[in-house]
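Chain by chain, the residues:
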Amino acid sequence: MTTFEDGSGTRELTGKRALVTGGSRGIGAAVVRQLLDAGAEVLTTARSATSTVPEGASFVEADVRTRAGAEALAAAAQEVLGGVDVLVHNAGGARPHEGSSAIPDEEWQDALDLNYLASVRLDSLLVPGMRERRSGVIVHVSSAAVLTPVAPFLHYTAAKAALENYSRGLALEQAPFGIRVNTVTPGRVATPGGEATREQWARLDVAPGRTNAHDTAPLGRDGQPDDIAHAVSFLVSDRASWLTGSNLVVDGGEFPRG
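Bear in mind that the values here come from a model prediction, so they are computed numbers and not experimental data.

Rules and cut-offs
Residues numbered from 1 in each chain as written. Predicted model: local features only at pLDDT ≥ 70, side-chain atom pairs only at ≥ 80, totals over all residues. Heavy atoms only, no water. Helix = DSSP H or I, 4+ residues; strand = E, 2+ residues; numbered from the N terminus. Buried < 20%, exposed > 50% of the residue type's maximum accessible area, 1.4 Å probe, protein only. Contact = heavy atoms within 4.5 Å. Core = buried A, V, L, I, M, F, W, Y, C linked by side-chain atoms within 4.5 Å. Pairing = 2+ DSSP bridges. Axes fitted to C-alpha atoms, helices over the stretch in contact; angles between N-to-C directions. Salt bridge = Lys/Arg side-chain N within 4 Å of Asp/Glu carboxyl O.

1. A closer look at unusual backbone geometry
Right, so step 1: Residue arginine 134 is not a glycine yet carries a positive backbone phi of 55°.
Right, so step 2: With respect to the element layout, arginine 134 can be found in the loop between helix H3 (105-133) and strand S5 (136-141).
Right, so step 3: For arginine 134, a relative accessible area of 49% corresponds to the partly exposed category.

This is the structure:
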């Protein structure tokens, strides 16, 4: 793993306190490892305790889908870290259905709570501290499926589309206070969760969407969790100090632009 250092030879996130949601496996765990490697103190979360949390990170059980869960997590971050300088929203997901009309109301709401409102609620609790310090970085992890939405995942892609719009608006609102807000939009990434979702989709009686129609992206392979974590690590560092309101698509060229 690459270790980025500033001009003094110090790891570039030394002294920074980072909170990463959904950091026990896949992309989230890769983000946690890279932030630790860059010198940050890291707290991460999942809905239940797990042995896969990267060594060196603190962990707290948290369900970010509710306001109460967000409040408990914000309180834990204050207790463990003493504040949050870097906030990475990685928790997310939804299961596919045979079409949009087959998605139950409760799963529409769950998709919104997990993939969109979790970020809104946690940001609202932690941004005030960043504003007081006039410094902070937030990264929202979206999905390239937003670029080509398909019926089995409309609840998920609609929530992620809302997240991207919200992220841009929050960036403009908080820029005067020294807070940077950006989005990372991954394409198809080889993770246990992603593979399980693709297997669920394959069992449905529906035509494959674009994300199932190609074995690999134009660059010739699926993404790896570290590919996305590198993008996140860049955005939270001072190397990206003039970037806010951006959406960095990391998909190997798979999805259309514009």
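2. A look at the side chain of serine 143
Right, so step 1: In this structure, serine 143 sits in the loop between S5 and helix H4 (154-174).
Right, so step 2: With residues near it in sequence (within four places) discarded, serine 143 still touches Tyr156, Lys160, Glu164, Thr185 and Pro186.

3. What about the nonpolar core?
Right, so step 1: By size, the foremost hydrophobic cluster in this structure holds 28 residues, and its most contacted members are Val31, Leu35, Val42, Val88 and Val236.
Right, so step 2: Among the secondary structure elements, those contributing two or more residues to this core are strand S1 (17-20), helix H1 (26-37), strand S4 (86-89), S5 and helix H7 (225-236).
Right, so step 3: With residues near it in sequence (within four places) discarded, valine 42 still touches Ala18, Val20, Val32, Leu35, Leu36, Ala57, Ser58 and Leu81.
Right, so step 4: Counting 23 residues, the second-largest nonpolar core is a separate cluster that includes Val84, Leu114, Leu126 and Val181.

4. So, the sheet that holds strand S3 (residues 58-61)
Right, so step 1: Sheet architecture is open: seven strands sit in the order S3-S2-S1-S4-S5-S6-S7, paired in parallel fashion. Here the strands that pair on one side only, and so sit at the sheet edges, are S3 and strand S7 (247-250). Looking at each pair of strands side by side, their axes are set apart by 20° on average, direction ignored.
Right, so step 2: Sheet topology note: the S1/strand S2 (residues 41-46) ladder contains four bridges and is parallel. Along S2, the bridge assignment pairs valine 20 with threonine 44.
Right, so step 3: Helix H2 (residues 67-81) rests against S1, S2 and S3 of the sheet, and its axis sits at about 150° to S2.

5. Observations regarding the environment of leucine 122
Right, so step 1: Within the fold, leucine 122 resides in helix H3.
Right, so step 2: For leucine 122, a relative accessible area of 1% translates into the label buried.
Right, so step 3: Note: C-alpha distance between leucine 122 and leucine 73 (49 residues apart in sequence) is 8.2 Å.
Right, so step 4: Among residues more than four places away in sequence, those in contact with leucine 122 are Leu19, Thr21, Ala70, Leu73, Ala74, Leu87 and His89.

6. Notes on the pattern of salt bridges
Right, so step 1: Counted according to the given criterion, the structure contains ten salt bridges.
Right, so step 2: A salt bridge links glutamate 71 to arginine 67; the nearest nitrogen and oxygen atoms lie 3.3 Å apart. Here arginine 67 and glutamate 71 lie together in helix H2, a separation of four residues that amounts to about one turn.
Right, so step 3: Note that arginine 133 and aspartate 85 form a salt bridge whose closest N and O atoms lie 3.7 Å from each other. Of this pair, arginine 133 sits in helix H3 while aspartate 85 sits in the loop between H2 and S4, and the two are 48 residues apart along the sequence.
Right, so step 4: Arginine 133 gets classed as partly exposed once you look at its relative accessible area, which sits at 36%.
Right, so step 5: Judged by its relative accessible area of 12%, aspartate 85 falls in the buried class.
Right, so step 6: Taken together, the shared-partner salt bridges in this structure form one network comprising Arg17, Asp85 and Arg133.

These figures come from the coordinates and say nothing about function on their own.
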